[in-house]
Every structure is written in C-alpha cells, then in structure tokens.
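Chains, contacts and geometry: an overview
The primary structure of each chain is shown beneath.
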There are 4 protein chains.
Amino acid sequence: MTKLKVGMIGGGGGFFGKVHQRAISLDATREVVAGALHQDPALSAKFADEWGVKGYTDYKTMIADWKAGTLELDYVTIVTPNFLHAEQALACINAGLPVLCEKPMCYTVAEAEALKKAVKANKKVPFALSHTYTGHPLMMLARELIKQGKIGTIRKIETYYNQGWLATLAEKTGNQQASWRTDPKKSGISGCGGDIGTHALINALWTTGLGLKSVSALLTAIPGRKLDDDFNVFGKLSNGGTLVLLASQIAIGHKNDNGFRIYGETGSLEWFQENAEELHYYDGTTRVTYFQNAPTGEVPDVLKSYGRIPSGHHEDFLEALANLHTTLERKIRAIKGEKNVPPAYDHPGVDEGVLGMKFLKAAVESSKKKGAWIKL
Amino acid sequence: MTKLKVGMIGGGGGFFGKVHQRAISLDATREVVAGALHQDPALSAKFADEWGVKGYTDYKTMIADWKAGTLELDYVTIVTPNFLHAEQALACINAGLPVLCEKPMCYTVAEAEALKKAVKANKKVPFALSHTYTGHPLMMLARELIKQGKIGTIRKIETYYNQGWLATLAEKTGNQQASWRTDPKKSGISGCGGDIGTHALINALWTTGLGLKSVSALLTAIPGRKLDDDFNVFGKLSNGGTLVLLASQIAIGHKNDNGFRIYGETGSLEWFQENAEELHYYDGTTRVTYFQNAPTGEVPDVLKSYGRIPSGHHEDFLEALANLHTTLERKIRAIKGEKNVPPAYDHPGVDEGVLGMKFLKAAVESSKKKGAWIKL
Amino acid sequence: MTKLKVGMIGGGGGFFGKVHQRAISLDATREVVAGALHQDPALSAKFADEWGVKGYTDYKTMIADWKAGTLELDYVTIVTPNFLHAEQALACINAGLPVLCEKPMCYTVAEAEALKKAVKANKKVPFALSHTYTGHPLMMLARELIKQGKIGTIRKIETYYNQGWLATLAEKTGNQQASWRTDPKKSGISGCGGDIGTHALINALWTTGLGLKSVSALLTAIPGRKLDDDFNVFGKLSNGGTLVLLASQIAIGHKNDNGFRIYGETGSLEWFQENAEELHYYDGTTRVTYFQNAPTGEVPDVLKSYGRIPSGHHEDFLEALANLHTTLERKIRAIKGEKNVPPAYDHPGVDEGVLGMKFLKAAVESSKKKGAWIKL
Amino acid sequence: MTKLKVGMIGGGGGFFGKVHQRAISLDATREVVAGALHQDPALSAKFADEWGVKGYTDYKTMIADWKAGTLELDYVTIVTPNFLHAEQALACINAGLPVLCEKPMCYTVAEAEALKKAVKANKKVPFALSHTYTGHPLMMLARELIKQGKIGTIRKIETYYNQGWLATLAEKTGNQQASWRTDPKKSGISGCGGDIGTHALINALWTTGLGLKSVSALLTAIPGRKLDDDFNVFGKLSNGGTLVLLASQIAIGHKNDNGFRIYGETGSLEWFQENAEELHYYDGTTRVTYFQNAPTGEVPDVLKSYGRIPSGHHEDFLEALANLHTTLERKIRAIKGEKNVPPAYDHPGVDEGVLGMKFLKAAVESSKKKGAWIKL
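Next up on the list: the relation of the copies chain C and chain D. Least-squares fitting of chain C to chain D yields an RMSD of 0.0 Å, with the superposition described by an axial translation of 0.0 Å and a rotation of 180°. Overall, the copies show the geometry of a two-fold rotation axis. When C-alpha distances to the rotation axis are compared across chain C, the minimum falls at Gly-371 of chain C, with a value of 3.0 Å.

Put into structure tokens, the structure is as follows:
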C-alpha cells in the first residue's frame, strides 16, 4: 500500500502542527511531504528542514506545484490561525485538493457559507473539520447507541470544555499560543467560544444528531483581555430539549477537560476525555461501562475498523485525531478507486463548520444583549 | 452528660423524618422524645409508637406542653412540606424553642423575612437551617481555605445538584415524595429549584462567603408536570464573579449528585458529595487532595472537633446532617451554661433561608421573562 | 418500640468504643445504658459520666447486676484489647447474655474453640463478631450474587487491607492505639494480621462461602517492632482456588483501604471500602456497577431491609457497623417473641472467629518456616 | 532531518508488529522500510506489500543486504515469539545493527547471558528491551522522584499485571495470540510470568533502582493448559525490602491492568496504566497528583524532552512505546554524530533482560518446590 501524501499549511510555530504531523504519520499509511509551515519564509524553510519535508514560502505555490504535477499530494491539512482558514481552504477545494481544516472553520459566518457552497459543489473533493474529540471511538459509540434508541428522546445535554491556562494574561508575557487566541484580528469575535466552545458544541450535536435553534449566553473576560475567556450558554435544541454548554479558559486545575452528559427519556450517556476509553450508560438503576476496543454486540463494524490495539491499551488524543485523518484517507482512497478500502465513518465536515460559526455569532450577540435568546 | 431532648414536627410519612432521627441519635448526646409526626392523628400516634416517642396530634400542643413544663424539650426539628415551615418555625422561635428547620425555609419571601425578624429578635433561641451538605467536614474545610486566601479572589463558581428520580411522572403513580414536591400548593413556586437548587446555591455561597446580585434562568418541566424539574441559572456574584448553577431531577443516572468547583485567581477547589471525603485543590500544576479527618496544619481546631472516626473510615450523609445538629447542640448547651462545650461552627441559618427564597423568586421570574437578568 | 439496652465492656480509652456507641445509637432502636468502660476504676467512672451511662469498675459486676435484675440489658458489646475477649465473651454467653465481640475473637486458637463450644451450646444466646465490613450492603450483595452463580466457580481471590499509620514506631511516642496493637501480650501472635489481616480474610471467605485449607506467608516488621506490621499470605481455598491476602500497616498513603477482587470462571466482582457504595461486576466485556440502595431485581428482600436512605445518600462505615448490631438486634427481638421483626442476615459469628485464629496461627508458623505451606 | 530506517523481524501475524510500526512512525522521524515479517515466505511477502516495506523471507538475508549496502537500516525491531529472540538479536548485534527487542528477552538464562556478553562487547551497537510501560513519562518521573529521595528508603513494592483474556482455553479455539503464549516450545518455562509478569517486575525494579535477591512463588494454570496463567510471587529486594508481584491472565474484567505502589519510609508513590497520565504521591496526610506534561520544578529536562503535547491531552500506550524507540533513536543519532540530539533517557536494556530470565527461572522453581525461597 502506498502512503497518502499530505501537505500542511501553517503549523510550524505552534504545537499543533507537530500534533497533526504525528496523527498523520502514526498509521504509517500517510505522511507529510510538503508544507508552507510558516508565514515567515526563513522560518518556513527552517521548519521544513526540521520536519524533513519540502518547504514552501506560501501555500499558493504549493498548490500550484501540485497542479503542475511537480509535487505529489493527496490532501492538505490547514493549521493556521482562524482568520486564514477560509481563504486557504477555499483555494484548496477549488483546486480539487481535499482538506482537513482546523476549527473554528472560519472567521465569519459569510466565509463559512461561501466555503460550504464550494465544498458542496465539489463532491469528489472531501473536506473534513478537525473536531478531534469526535474521533474518540467511545464518542462514536455514544452516537451509534443514540441512533439505536438506547436512551430515548433526548431532553437535556450538558457539554463542557474547561481549561485553566489563560487564568493569567499569558498573552502579555510572550506566550504565542495565547497571543493569537486572544486577538480579535486573528481569532474572530470569540476567544474561548471559538477555541474550545465550538468543540463542546459539536461534540454534543454531532453525537446526538440534534440541531440548535437559539441561545442565551453569558460571556466574560478577565480585566485586560479583549475576547471572552469564560463562555456559558443555554440553548434550545431542535427537538425542544435543553442545551447547557460551559467553556472556560480560566478554570485553574482543568487542563483539557471536555465531555458531556446526555439525558434521554429512558437513560443517559456520559463521556469525558480525561477518561476517554470509557463510555457510561445509565438506566436509572445500574451503570454499564463500555470500554474502548472491547467486544460488544452493540458496536457496528464501521467502528471496529477504527480500533488499533486490544482493549486496555488506551488509544487517546493522537489516535482520536488520527481517526479523522483515517476517515479522510478512506474517502480519498475510495475516490481513487483503491480496492478493499474499509468504509469511512461520517465525521464532522463543512456543515458542522457553518453551525459552529452561527453559534458563535449568536452567543456573542446574546451576551451583549444581556442574555436575550438569539436564534441561529 | 445528659442527652438533649428533641421534638419533631412532621417526618412520620416521608423518609427524611427517620433520617433526622438517626442524625439526632447517632452521637448518643441527643434523642427524639416527642413528635407531631403526621397531620393525620391516627398516623401520628402510629409513628410515635413505632419511634418510641411521645406522640402529638398537632405541634401546637407539643409546644404548649413544653411551655407548661409537662414535656422536656431542648429543640425542635421541622420536617414538614415547605408550605408549613414558616408558621411552625415562627411558633417555636416565638415560644423560645430552638429550631432546626428543613429547607427551603419557607413558601414565600415575605414569610422568610418575617421569620428572619423573629429569629434576630430572639438571640438566645438558635435557629438552624438544614443545608445538610454544609455539614460535610471537607466543605467546611473548603470554606476555611478560601477564608485563608488559598485560591485568591473568586472568579467563577460552578455548583450543581443532579438527580434522575423524577424522569418519569412518579407523582401520578402514588409516589408520596414526588407528590408534594411537584405540587405548587405544598412546595411553592419552584419544584427542582426549591428542593435541590437551593442546596446547590447555599453550598456555593456559604462556602465562599459571597452574595448573589442577580440571575438569568432557564427552567423547564416535562409534559404533565406543573413545577420545574430542570433548573439552570447564571448569576452575578456580589464580587462581580460568575455563578453557574445547574439542578435537575430528570437527569437519569444521577442519584444525589451535588458538588461544586470554585475558581479563584490563583487556584481552585473541587468537592462533590459522591466522594465527600476528599477535597481537591489545584494550583495549576498539581492537584492536592485533602482527606476527611486527616491531620493537616490547615484544619482549624473547630473543624477537628467535628470528626468522629480516623481518616479512611468515611463519615457521610448521616454524619454531615448530624453535624448540623451538633452545631445547634453546642449553641444550646453553651446558652444553658454547660461547661467544656466545644465551639460551634457557623452553619447556615435564617440569612441563608431568606437568600434561598429570594433566589427562587428571581429565578422563576427570569425564566418567565426569557432569561432577563433579575436582581435579588 | 422499646430500645434494646446495651452494656459495653472496654471502649473508654480508644476511639472504637465511641464508634460502637454511635453504631448502636444511630437507629434509635438501641442504646448503651451501662459500661465497664476501662480497667482503671477512676477512668471507668469518668467515661461513664461523659457517655451518660451507668458505670462499672469491672464487667463481672455488670453481669451480676443484670443477673440480679437490677440492671436491664439485652446484649453486651466487647471492645477490649484482644487478650481479654475470650474470658469476657465466655462469661457473658454462659450467663445468657448475647454478645457482639470485637475481632480477632481471642488470643489463642484454644480459647476460640472453647468459646465456640459455649456459643454452640447456648443456641438462644446470639454471638456476633464485629467484622464491620461485612455490614456494607454491597458486600452483602456480592455474597448474594455469588450464591446466585453470577460469576461461576471461583478461581482466585485477591483481598487486601492497607494502612500507613504504623510506618513509624508510633508505639514509642505515646500512641495508645499503637501500643497495645504492637504488644504481643495484648494482641497475640500477630500484629497487622490480627488487627486487619483477619478482616481481609473474613471479607473474602464470608462473601464467597469458601474455606481455607493452607497458607504460605511472608510477615515482616520494621526494626524495633515485635509483631508483624506487614502481612502477606498465599492460600489454598477449599475449592482448590487461590487466595492472595495482603495487609500492611506501613503502607503510607493508605488510611483504611480494604477490599477484594473475586475472579470466577465466568465473571468477577470487585468491591473496596473507599468506594463502599458501589459493587462492580465484570463479564469480560463491560462493567456493570451496582449502587447502594438502588432498586435492582437481584437484591433479595432481606438486604433491602438493611437500607436506610435512598440511593446516592451514602451509608458508610458507621452504618455498616450498625448493620451488625441490627442483625444481632433482630435475632434478640425474635427470640424475645416480638412481632414483625424483619429477618436477620447471617453475619459473621463464632465460626469466623475460630477460622480467624487458626489462620493467624498458620500464617505466623509459615512465615517462621520460610514460606512452607501450613494447613489450617 | 532524515528519518531513521527500521527493519522488522516478525510482527506480520500478531497485532504487536503493527503496534511497533505505529510507535516507530508516529514521530515522523523513523520509519519501517524493510521486514522479515513472517516465517512463511508467502505471508511475509503479503505483509510487506500491505505495510509498504521491502519484504524478506528471512531475517538473515535482510542483515546481509544491509551489510552489502543494498539496504539502508539504522536499527531492527524484533517481534517474534520468545524462543526466537536470542538468535535473532545476537545476529543483529554481532553484525553491528542496533536492536529493540520484545520481552522476555530470551528463552533461557544461558541465552540471555550470551546476549548480554555480546551487547557489552559492542558498545556502539545499542540494544533496547521493549518494556513499554517504562516509556510512560510518569513512570519515568516516579523513578526520578525516588532518586531524589522523595519517599526515603523503600520498604515494600506491590507490582501487578492483570488480564482476563485467557480465562477460557482460547488457545484451543484458534486464537493465535493465545496459541504461542501457552506453548512451552515457543514461550519458554512460564506463560503468564514470561508474558506479563516480567513487565510487572521490570516496572518495579527499574523504577526503584533495586535488585531482587530471592523469590517464593505460587503459579497455577486452569485445567488443560501447560503453562502458568496465574503467577504470584513474594520477593526479597536487594535492600532487604519486600516485593509482592501479582500477575494473572484469568482475572476477568482486567484488560491490561498493570501498575505499582511503592512504599518508602517517608512516603509512597502509586501509578497504574489505566490512568497513566497521573502519578500519586502520598506523604501520610494529603495526596499530591502529578500530571503528564504539566510543568513542575521536579521534572528533569531529560524527561521534558519526551513530552509531545500539552498537559490534558493524554499520551498513552503507543506514545509510551514510541518513547522507547525515541531513546534508541537518540542513542543512534548521537553515535552517528548528528548535532543537537537531545539526551537519551536510560530505558531498560540487556541487564533487565537477564534479570527477567533469572526471575522466571527462580519463580518456576520455587512454585515447583512448594514456595521454597529460591535465590536469583
């Protein structure tokens, strides 16, 4: 089997570029071969050398080389700050190059809608959105169990994402990660909401298959910060149920604590990424815990094909992210006409990207209007 | 040492009367000797016989007997449905009889204010409110650590109380506990909020010493129920911080799951009653866990005097409730002039009762007004 | 209902006398009324005064008073150091007075056999052994599930009890609890084994209904201590299965950490007292967790009658101990001919006491003989 | 940076070959380029094609090609059944090709000693043993804290490794993994001990830096199985302390449950791989929990260089295994004279391999001799 060849846009400076490179590499079926890894040409070259890939000073040249047949690429991963996503993703899709894009998908709802239009118009050019947590096998299992009717009609979802690393004004002491995330010019209208709130949202909605009608929000920031670092939202789900979404980056003690509790009429499901290898199901009397890669009749074949190691040997963050690349890889291989490609799961894409942008816009507006309910 | 003698009003029908009797008895320094245990005279007599106490058909006669010197009583515990608390507590206090009253304290804010006035006017007649969870030694320790400045200025509190036992319309199938709790005539304006939301509120505010300025709420009920069974509130704390309070009785899988996370500028504290024997402190790098009754320099003497058994032998729900009785007992013994009475901790009383009533009123109003922020 | 009247022998000096008093009191159906609480007459009087009970300078006089009808007693609780148990228990039983005795039951196997003979000869005089942890409802449920065949034939048991409070020579710095426990004259041939190893043993054997054929042991003590403080045993169960029993009092960080894992041919059960409200059942695929007092079809009625409060309100150490008193109380009330007495569960008694003594003897012998397998 | 090129011996049939390939690939600094993946030539070719590597029908030809300069290799990973390790590793080392070898290192102690001799004689040819769990950053931190004296002299170690997948005779129903592991001809004198007991041993001894003097063991197997599937050992540590090692493959409910508790004179450390991202330190009063990749002054720089992603994004099994490859990679790059190679940590090698073989031999002998203490 030939490895898929991946180009990367951005990712040279922050930690997440290397994370994607590892997620791409770990299955030994994909590899990063080229990259426009940084806006600064010198840095871009330096990083390309370190990574052992072909370096580009800008992503357009990389696409042009691919178009010209001088560079082999199967897809591109975009890991730039939020304000650059739309233009870059659009350029790739329109050129016919599949994309796995970091979230939030864009800077504005308008950009998101434009990208959606392009993606829908290019059916043979898969687009994936990097909602990493949806790659956890037990979140995927939760989604399947809900589809099977295991907990009945959903009444309430509590979804959360708490971190503590912005409890001080880290952006004023040279922390690059903090800098662009707290800068409206690079991140958009919401800081915490855009960075992690959208994860909490998509975790919940993708898992349940529900939509969101309207929100009432309370966003705050510590003195000296422009964008929200604490982001609390009540929402009305498409089925009339309640959404509670809590995200924070000033919650000292939480490192990367996201998860959800989904309450149905006949049972509930609980998952959290600090213990990503377990999924808890409650029927009101006992608790039944499902384990990653453990055999159970309720796991569909498509999910089984995502497991790498036997139960008890945890697959965690990198593997979850790798699963998103696996889904994209399978789609690409199938489109290329390869044989015996396992079926791809339906991970988040452009629809979830648009949803995330609308959600951010409504939440910011609601908070400004003192909690008024705003429709998406 | 002579045991304090306790009279009980209500408690014959529900499970909580026996719970109080056990909390009263377990230290072998207090005992229930009399009770108007039920409104129905026959049942009241039956329960009195079963409990081995002197039975009364109404509480006024019990108070009258005490006044007349034909019944020895040191204090009274009120375990009736909410709408009866105010009148009964007022009668006791005005008669000079100390009270430990179940929460929520009253049916309306006006009643609460009237009771407060009476309590403040009778300094020698202690009044205690049964916020059981504040009796957990590690919640008491959290309060002390916050006073000591351990986590700095508080920015956000998440406090919650989730149960699942009202996920069906249990009140329509003869469940007495469900019946009065879902009946506006007996419970007041809020179901879930009154029953457990006030616990979540007082847990948070009593522990932090903060007040509450205003709230924005989302209350819902499943079809066929009159009072809220899902109760979600954002609030502004007196110091400008954020309160998130989530309570539910339709959250299948949660039995009696309350707790909080308190985020300060320099650290955070986490406690939850499913693991009541531990208190977690986070400084951003490690987690330090304090254990019940374990020796540490940070535990004030007054708290040490509440411990019963060595660390590792958990004291739990009954013991926490017993601690509220212990606090009241110590106040009463001190007022009686007994010697060597250990100092009493300052558990919730009439002020917290008024706060709870105002909170419920504001939350209900906000939810009706689509999340508008309502001042307390 | 009239309260049962309890006399106590010992318990004035250590913490465990008060623990028993609380366990006796908490149901408000029993009370300590008299006690020979200490060997020192002055201290005995002082403690009796503090406890509010009739004081005796020696237990024989207390029994004599009861015989003479000048003191009402329904049973006696023995909380003295180990070397006194046999004589005292024998005196009570022979006098016709039921006993709940602390463990280990005696000082020697010979004493244990003598006591067993007396107990068997006095069928109407119940004798209970204070194996507290067997009073935890979920250990009782584990026993019932095993009886029902839930995990098939048992192949292996791991049972443990770890503490850290004797990691230093506390007995040399005035710690009374440490003093008698590390003194062969008061404790017998084993320190850690006698104090907590027997708990681990009886937890395992009582729950599974299995016997023990032989043991191979490794006992150690830190320099300066006469009796073992670390006690490790391999054993052959009566059905040919393996027992691993680990007990330690130098395991810093463990406070009172006992529990077991029981492996059968078709499943396994896990319980530990740090989380006593849960029982875990594994079938090889998922984990099913049972909760205290939660309704499930697998809980026999006799167990349900031991629950005090709804699921989620944990009953813990004191309540488990109280359950042993409840069992004894029910037996006594039934023998007295009271009506509507709920059935008593079969908690450990004299047989488990003899077993514990034989086990200690064999373990000590094996360790001396360098791990040679010794038959019980 | 150029990727290191890796050859693999074995691994085509079992799951662990792919696991190593992933661990090799995930950092994008190493890649498998060639392999003698199976003894069967047709299967070897098939697997090579699937993996996208150059296939060999036997490992000797692969080494010969490398010697001849027709194949570039930096090191070899050996993933064959135990009885083949010694010959293969010896051939590589003697040819000058570095090796990462699966454990247990050999089939007999004699083989192990011979391999040790060769490794010691070829200082420039690094040899690593695949004790995966020692690659967990928090086990590495435990080792550093012990070196720093954090818990004082070690008195007792409890180390364990429990699985349940051999609770039935899986080897008789076509399970390949079960087949060779339960076959004395392929696995050696011990089944469970060799497969997982040696992990538990090396986890403990490598972390503490202690040796092992002698053991007393109890090994059993279910009817119909030739090699032990339950493996329990008491040991004397080189400093006089106690080792308790428990391993089982019939412990239903355990998937891959290994960990340890290390008790010193002044504190203790606890780690277990089901929660590999936390290390617990106990001082007798509180518990302090260290988190993976979280900043703390106690983490030496060499460990920091092993972290991939920020705290809260768990690195788990594959990453731990990758860390062993990273250590080997760093050694190889340093020997090659590359610049800026971070320092390599000292993961297990040939000494631990010899220790493991001696341990197995002594344990098997002790169990045969009814628990007699056998010197290593």
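Below, the discussion takes up the relation of the copies chain B and chain A. At an RMSD of 0.0 Å, chain B and chain A line up after a rotation of 180° and a shift of 0.0 Å along the axis. Looking at chain B, 100% of its interface residues are interface residues in chain A too, so the copies touch through the same face.

Next up on the list: the environment of Gly-349 of chain A. Residue and element names in this part refer to chain A. Topologically, Gly-349 is positioned in the loop between α11 (317–336) and α12 (350–368). Spatially, the C-alpha atom of Gly-349 lies 26 Å from that of Asp-183, the residues being 166 residues apart in sequence. Residues in contact with Gly-349, not counting those within four places in the same chain, are Phe-127, Ala-128 and Leu-129.

Let us look at the nonpolar core. Most often, soluble globular proteins keep nonpolar side chains buried together rather than apart. With 469 residues, the main nonpolar core has Val-99 of chain A, Val-99 of chain B, Val-99 of chain C together with Val-99 of chain D as its most contacted residues. Contacts of Val-99 of chain B, omitting those with residues within four sequence positions, involve Tyr-75, Val-76, Ile-78, Ala-89, Cys-92, Ile-93 and Phe-127 of chain B.

Attention now moves to the pairing of strand β11 (residues 257–264) of chain D. Residues and elements named next belong to chain D. Most of β11 sits out of view: seven of its eight residues are buried. Both strand β7 (residues 154–162) and β11 contribute to a ladder of eight bridges, which runs antiparallel. What sits directly across from Tyr-160, in β11, is Gly-259. Note that β11 and strand β12 (residues 268–272) share five bridges and pair antiparallel. Paired with Tyr-263 across the strands is Ser-268, a residue of β12.

Our focus in this paragraph is unusual backbone geometry. The omega torsion of the bond from Lys-103 of chain A to Pro-104 of chain A falls at -5°, within 30 degrees of zero and hence cis. Not every positive phi belongs to a glycine, and Ala-28 of chain D is a case in point at roughly 60°. Structurally, Ala-28 of chain D is set in the loop between α1 (16–25) and β2 (30–36). Taking the C-beta count within 10 Å as the criterion, Ala-28 of chain D has 19 such neighbours and is therefore assigned partly exposed.

On to α1 of chain D, then. In terms of burial, α1 of chain D is largely enclosed, as eight of its 10 residues are buried. Buried residues of α1 of chain D: Gly-17, Val-19, His-20, Gln-21, Arg-22, Ala-23, Ile-24 and Ser-25 of chain D, and no others. The inward-facing, buried residues of α1 of chain D abut α1 (15–25) of chain A together with β1 (4–10), β2, α2 (41–51), β4 (75–79) and α11 (317–336) of chain D.

Residues and elements named next belong to chain A. The domain architecture assigned to chain A consists of domain 1 (4–133 + 322–349) and domain 2 (136–308 + 354–375). Here domain 1 and domain 2 have C-alpha centroids that lie 24 Å from each other. At the level of secondary structure, the elements contributing two or more residues to the side of domain 1 that touches domain 2 comprise α4 (82–95), α5 (109–121) and α11. Ranked by residue count, the leading element in the side of domain 1 that touches domain 2 is α5, at four residues. Within the side of domain 1 that touches domain 2, the residues separate by chemical class into 13 nonpolar, seven polar and three charged.

Each value, and the rule that gives it
Residues numbered from 1 in each chain as written. Chains lettered and ligands numbered in written order. Predicted model: local features only at pLDDT ≥ 70, side-chain atom pairs only at ≥ 80, totals over all residues. Least-squares fit on C-alpha atoms with pLDDT ≥ 70 in both. Contact = placed C-beta atoms within 7 Å. Helix = DSSP H or I, 4+ residues; strand = E, 2+ residues; numbered from the N terminus. Core = buried A, V, L, I, M, F, W, Y, C linked by C-beta atoms within 7 Å. Buried ≥ 20, exposed ≤ 12 C-beta atoms within 10 Å, placed from the backbone. Pairing = 2+ DSSP bridges. Domains from an automatic or database assignment. Nonpolar A, V, L, I, M, F, W, Y, C, P; charged D, E, K, R; others polar.

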